[in-house]
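# Descriptive structure summary
Chain by chain, the residues:
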Amino acid sequence: MKLDFSIVFPYLPMFFKGAKATIEASILAILIGLAIGTIVGVGRVIPLKPINFIAWLYVYVIRGTPLLVQLFMIYFGLPSIGVELEAFTAGVIGLGINSGGYVAEIVRGGIEAVPKGQLEAAKVLGLSYIQTMWHIVLPQAIRNMLPALGNEFITLVKESSLLSTLAITELTMVGQQVRSVTFASFEVFIVVALIYLVITTAVSTLVRYIERKWQVR
Amino acid sequence: METLRAVNVSKSYGKLQVLKGINLSVKKGEVLSIIGPSGSGKSTLLRCLCGLESIDSGEIYINDEPLIADRFSHRHLATKIGMIFQSFNLFPHMTSLENVMLAPMKVKGLSKRKAEKLAKELLIRVGLGDKINYRPSQLSGGQQQRVAIARALAMQPDIMLFDEPTSALDPELVGEVLEVIAQLAKEGMTMIIVTHEMLFAKEISNRVIFMDEGSIIEEGSPQEIFVNPSNPRTRAFLRRLLPHFGSSLIEGEKENEVRL
Ligand SMILES: Nc1ncnc2c1ncn2[C@@H]1O[C@H](COP(=O)(O)OP(=O)(O)O)[C@@H](O)[C@H]1O
Ligand SMILES: [Mg+2]
């Protein structure tokens, strides 16, 4: 059997629409994940035991349960307590909450990599804990974190394919739709995979660019 | 008036008692050096004096006010005590100028313009007027330590504590840092210096303390400690550190040759 990609061509606009949804969902989820991850990651290291515990619990639960189950809980589960979300919204929130757990660990690692001596110097200079975090720890932590964050963003883009299970017409969903009318399964998913590859390559290129720009001169 | 006074200060890490009832005081304008073998508790003592470590018992007074260490903020101590660490601890993502400006702006509330002016003056004072826009990674160890000194001075502390300020430096860079410290002493800064630079300590100090195993073994003038120590442990320590101890070098006859 030969592969015939010409069957797929008429559907390219659909693929691009799906890719657009994938990119939109990923960007929104990354932003949510960064916000949650920063708060939770800082919560892991601040000298307040109850907060440490809550942050630890968040990471523990998020990383210990499947993303798919988390998505189902938000989309299918929340309506039973009166919270009904559109599929796309539920999917983005679910991805973001999930990514937040992983980003939190990256943030924690980045913070802990800042030498203790600097914190002591800041303390003796009279800077408050929050000032030290903001002016000294986080700017350095972000640089430490960038490579790991880049990996996390790429993972997130790939995992966004699970949104197809919520009937969101993102890239993978489009692939299934086109397959069901063309029956060209292999060709369709090769195209889908190539588009994912383009997106993830763009992400890693962007992260590397930022890394280089932010390097301590 | 005593700028700093420690009364019967003790401190343990777990079972290990690192400070065993330390008593010391420093008058305004006085330079006190602390010498002693490594592991004797010198760093721990300085860290207690500046509030970085809590003490188990005893009292510390600064300008006759009890030192209260707050877990979250040293705002109230920052204008009283400056601390210089062996490892500089500069903020690597900031230039020299930004390193020095940060605390005056954020802690004392100086305007950016005023903080910058102050920082420039101080950097010039430590001989780094041409390095204000350099980052720590672009500076030598000696230059980094001088930035750290300028940074501490920017809070205009009543007393400066130095914990082996030159121990992490290549030998050829020690002099420039000691010069800055000596200059500060001459200008009347109150200081406690932990150092292994015995000749420097001898020249600069009003008083010297020899510490061993968490206790002050001997205290006296530089002459008393370096030339005629009464305690055998002090003698043994100095003999190990100064090959010429007991001979003419330390007695100052050849002082011109060993001047810094
Ligand atoms: N944070 C710590 N936890 C446990 N032991 C410590 C700690 N800091 C210092 N010590 C111990 O306390 C003793 C004194 O250390 P230190 O004050 O650094 O001595 P020095 O500065 O005179 O070399 C050493 O035995 C050291 O191992
Ligand atoms: Mg020490």
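Let me begin by describing the structure that accompanies this report. (Residues numbered from 1 in each chain as written. Chains lettered and ligands numbered in written order. Predicted model: local features only at pLDDT ≥ 70, side-chain atom pairs only at ≥ 80, totals over all residues. Heavy atoms only, no water.)

### As for the nonpolar core
Among the nonpolar cores identified, the biggest contains 42 residues, and Phe15, Ile111, Leu171 and Ile195 of chain A are the most heavily contacted of them. For this core, the elements supplying multiple residues, two or more each, are helix H1 (12-45), helix H3 (67-77), helix H4 (87-112), helix H6 (129-159), helix H7 (171-182) and helix H8 (185-214) of chain A. At 10 residues, H6 of chain A tops the list of elements feeding residues into this core. With near-sequence residues (within four places) excluded, isoleucine 111 of chain A lies in contact with Val42, Val45, Met133, Val137, Leu138 and Ala141 of chain A. Membership of the second largest hydrophobic core comes to 41 residues, among which are Val9, Met83, Val107 and Met155 of chain B. (Core = buried A, V, L, I, M, F, W, Y, C linked by side-chain atoms within 4.5 Å. Buried < 20%, exposed > 50% of the residue type's maximum accessible area, 1.4 Å probe, protein only. Helix = DSSP H or I, 4+ residues; strand = E, 2+ residues; numbered from the N terminus. Contact = heavy atoms within 4.5 Å.)

### Here we look at the site of ligand 1
Residues and elements named next belong to chain B. Around ligand 1, the neighbouring residues are Tyr13, Leu16, Val18, Pro37, Ser38, Gly39, Ser40, Gly41, Lys42, Ser43 and Thr44. Within the backbone of glycine 39, one N or O atom sits 2.6 Å away from an oxygen atom of ligand 1. Between ligand 1 and glycine 41 there is a distance of 3.0 Å, counted from an oxygen atom to a backbone nitrogen or oxygen. Of all the secondary-structure elements, those providing two or more residues to the shell around ligand 1 are strand E2 (16-27) and helix H1 (42-49). (Near = heavy atom within 4 Å. Polar contact = N/O pair within 3.5 Å; in protein donor to acceptor, adjacent residues only side chain to side chain.)

### With respect to the pairing of strand E3 (residues 31-35) of chain B
All names here are of chain B. The buried fraction of E3 is high, at 5 of 5 residues. Of the two faces of E3, both are covered, the one formed by Val31, Ser33 and Ile35 as well as the one formed by Leu32 and Ile34. By the bridge criterion, 4 bridges tie E3 to strand E8 (residues 190-194) in an arrangement that is parallel. The partner of leucine 32 across the bridge, within E8, is isoleucine 192. Relative to strand E9 (residues 207-212), E3 runs parallel, the two sharing 4 bridges. Looking at E9, one finds that isoleucine 34 is bridged to isoleucine 209. (Pairing = 2+ DSSP bridges.)

### Describing the state of the cysteines
Residues and elements named next belong to chain B. Using the criterion set out here, one finds 0 disulfides over all chains in the structure. Counting only cysteine sulfurs, cysteine 50 is the nearest neighbor of cysteine 48, a cysteine outside any disulfide, at a range of 8.5 Å. Residue cysteine 50 is classed as buried on the basis of its relative accessible area, which comes to 1%. (Disulfide = S-S within 2.5 Å.)

### Some remarks on the interface of chain A and chain B
Listed by partner, the interface residues are 22 residues for chain A and 29 residues for chain B. Across the chain A/chain B interface, buried area totals approximately 2300 Å², and carbon plus sulfur atoms make up 62% of it. Scanning the region where chain A abuts chain B turns up 1 salt bridge. As a salt-bridge pair, arginine 47 of chain B and glutamate 120 of chain A come within 2.8 Å of each other at their nearest N and O atoms. Those elements giving two or more residues to the side of chain A that touches chain B turn out to be helix H5 (116-124) and H6 of chain A. Across the side of chain A that touches chain B, the residue classes tally to 11 nonpolar, 7 polar and 4 charged. (Buried area = accessible area lost by both parts, 1.4 Å probe. Salt bridge = Lys/Arg side-chain N within 4 Å of Asp/Glu carboxyl O. Nonpolar A, V, L, I, M, F, W, Y, C, P; charged D, E, K, R; others polar.)

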